[in-house]
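# Survey of secondary and tertiary structure
If you want the building blocks of each chain, they are given just below.
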Amino acid sequence: MLNELDKELEARGLRFTRYADDCVIAVKSEASAKRVMYSITSWIEGKLGLKVNATKTHITKPTNLKYLGFSFWKSKDGWKARPHKESVAKFKRTIKKLCKRSWSIDLTHRIAKINAVVRGWINYFALGDMKSAIKRIDEHLRVQMIVIIWKQWKVRKKREWGLKKLGVSPNMAHKVSGMGDRYIAVANNRTIKWAITKEKLTKRGLVSPLDYYLKQHTLKLD
C-alpha cells in the first residue's frame, strides 16, 4: 500500500527516502516543510485510510534527525551518516552487560556472545563514519576483558601463573598478583595491560570492534 505513497511523492517532485512505514522527506525551508507535512498527512489519511502518528511526525533539521538509528552531519565532502548517539549508547550498554563480572560464564562463551553483538551492530552501521567512537569502544572493551580475566583467575597463585604464562617475569608476576580485587587499579596497571594485549585477546578469539569496523566500512564504500 505504501508503494502508492512513493508514487505520490515522486509525482510531486519531492526528495524522500522510505523504509517500511518510516519516511523522510527533504525540502529547502521550514515553510515548505510545514506545507508538505500537512498535505501529505492529509493525503495518507484520506487516500490510503491510514492514521499518521502525530507524535512521531515532525519537522527537523538534518543535523537533528534520527533515521533508522543514524544521525547526519555535513562535511566539506557533503552530507555523511553515522550512528546516532542513542544508538551508540545502547551498544555500549549491551557490551557492558555482556562484560559484567558477576555473570558466571566461561570466557569462550562470553567472547562468542560479545563477538555476535559487535559484528551485528557494526555490520548494520558500517556505512557510517564512526572511527573515533569505535576506537573508544575498542579500548574500553579491552579494559573490561582484562578485569574479567583477572577475576576468573580468582586467587593470587592462579594470577601469578597466568601472568608468567603471558610473558611477565617471575618477580614482577609475583608482585602484581598481590593486587587482589582492586579492579580499577588492575585495569590501569601497566604490567597487566602489557601482558593482556589486544593481539592476545584477538588470538583468544575476541573480535576487535575497531579492526572489524575498518574492514566492513571499506567494503561498504567499495
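Right, let's walk through the structure included here. Every chain is numbered independently, its residues counted from 1 as its sequence is written. Whole-chain, interface and lining totals are the exception, using all residues; otherwise, since this is a predicted model, local features are given only for residues with pLDDT of at least 70 and side-chain atom pairs are given and counted only at 80 or more. Hydrogens and waters are ignored; side-chain quantities use all the structure's heavy atoms.

This next bit is on the packing of aromatic side chains. Here is the rule: rings of Phe, Tyr and Trp (six-membered ring for Trp) pair when centre to centre is within 6.5 Å. Planes less than 30 degrees apart are stacked, more than 60 are edge-to-face, and the remainder are tilted. Following the criterion strictly, the structure yields six aromatic pairs and no others. Ring centres of tyrosine 124 and phenylalanine 125 lie 4.7 Å apart, and the angle between their planes is 85°; this geometry places the pair in the edge-to-face category. Exposure remark for tyrosine 124: the relative accessible area of 45% places this residue in the partly exposed category. The cut-offs for exposure are 20% and 50% of the maximum accessible area for each residue type, with area from a 1.4 Å probe on protein chains only; residues under the lower value are buried, those over the upper are exposed, and the others partly exposed. Taking the relative accessible area as the measure of exposure, phenylalanine 125 reaches 5% and is therefore buried. Put simply, the rings of Phe70, Phe91, Trp121, Tyr124 and Phe125 touch in pairs and so form one group of aromatic residues. Note on criteria: charge over ring means Lys NZ or Arg CZ within 6 Å of the ring centre, with the direction from the centre no more than 35 degrees off the ring normal. Lysine 200 extends its terminal NZ or CZ atom over the ring of tryptophan 194, reaching a point 5.4 Å from the ring centre.

Turning next to unusual backbone geometry. The phi torsion at leucine 68 lies on the positive side, around 55°, for a residue other than glycine. Secondary structure elements are defined from DSSP: runs of H or I of at least 4 residues count as helices, runs of E of at least 2 residues count as strands, and each element is numbered from the N terminus. With respect to the helices, strands and loops of the structure, leucine 68 is situated in the loop between helix H2 (30-48) and strand E3 (70-75). We classify leucine 68 as partly exposed; its relative accessible area is 29%. Notably, lysine 154 is not glycine yet its phi reads approximately 65°, a positive angle.

Residue position: asparagine 115 is located in helix H4 (residues 107-125). You can call asparagine 115 buried: its relative accessible area is 6%. Each polar contact in these results corresponds to two N or O atoms within 3.5 Å; when the atoms are within protein, one needs to be able to donate a hydrogen and the other to accept it, and residues that are neighboring in sequence are counted only if both atoms are side-chain atoms. A polar atom in the side chain of asparagine 115 sits 2.8 Å from the backbone oxygen of glycine 205. In what follows, a contact means two residues having at least one pair of non-hydrogen atoms within 4.5 Å. Contact partners of asparagine 115, with chain neighbours within four places excluded, come to Gly205, Leu206 and Val207.

Here we come to the nonpolar core. Residues enter a nonpolar core if they are buried and are Ala, Val, Leu, Ile, Met, Phe, Trp, Tyr or Cys, with the set joined through side-chain atoms within 4.5 Å. In this structure, Ile114, Met145, Trp150, Leu163 and Ile192 are the most contacted members of the largest nonpolar core, which totals 41 residues. For this core, the element with the most residues is helix H5 (residues 131-153), which contributes 10 residues. Residues within four places of isoleucine 114 in sequence aside, it is in contact with Ile95, Leu98, Cys99, Leu141, Met145 and Leu206. Counting nine residues, the second-largest nonpolar core is a separate cluster that includes Leu9, Leu14, Trp43 and Leu48.

Right, let's get into the packing of H4 against H5. All axes are obtained by fitting lines to C-alpha atoms, using only the stretch in contact for helices, and the reported angles, taken between N-to-C directions, cover 0 to 180 degrees. Running from N to C, H4 and H5 cross one another at 170°; their axes reach a closest spacing of 12 Å. Classified by the interaxial angle, the pair formed by H4 and H5 is roughly antiparallel. Along the contact surface, H4 presents Leu107, Arg110, Ile111, Ile114, Trp121 and Ile122, while H5 presents Ile134, Leu141, Met145, Ile148, Ile149 and Gln152. Amino acids outside the nonpolar list (Ala, Val, Leu, Ile, Met, Phe, Trp, Tyr, Cys, Pro) and the charged list (Asp, Glu, Lys, Arg) are all regarded as polar, and Gly is one of them. Split by residue class, the contact of H4 with H5 holds 10 nonpolar, one polar and one charged. Oblique is the label for every angle not falling under 35 degrees (roughly parallel), over 145 degrees (roughly antiparallel), or within 65 to 115 degrees (roughly perpendicular).

As paired strands, strand E1 (residues 15-19) and strand E2 (residues 22-26) are joined by five bridges and run antiparallel to one another. When the sheet's bridge partners are listed, phenylalanine 16 is paired in E2 with isoleucine 25. Following DSSP output, two strands are said to pair if at least two bridges run between them. Linking two consecutive strands that pair antiparallel, namely E1 and E2, is a turn of two residues; a positive phi of about 55° is found at alanine 20 within it.

Moving on, we come to the environment of isoleucine 148. Along the chain, isoleucine 148 falls in helix H5. Each C-alpha atom, one on isoleucine 148 and one on glycine 167, is 19 Å from the other, the two residues being 19 residues apart in sequence. Contacts of isoleucine 148, omitting those with residues within four sequence positions, involve Cys99, Leu107 and Arg110.

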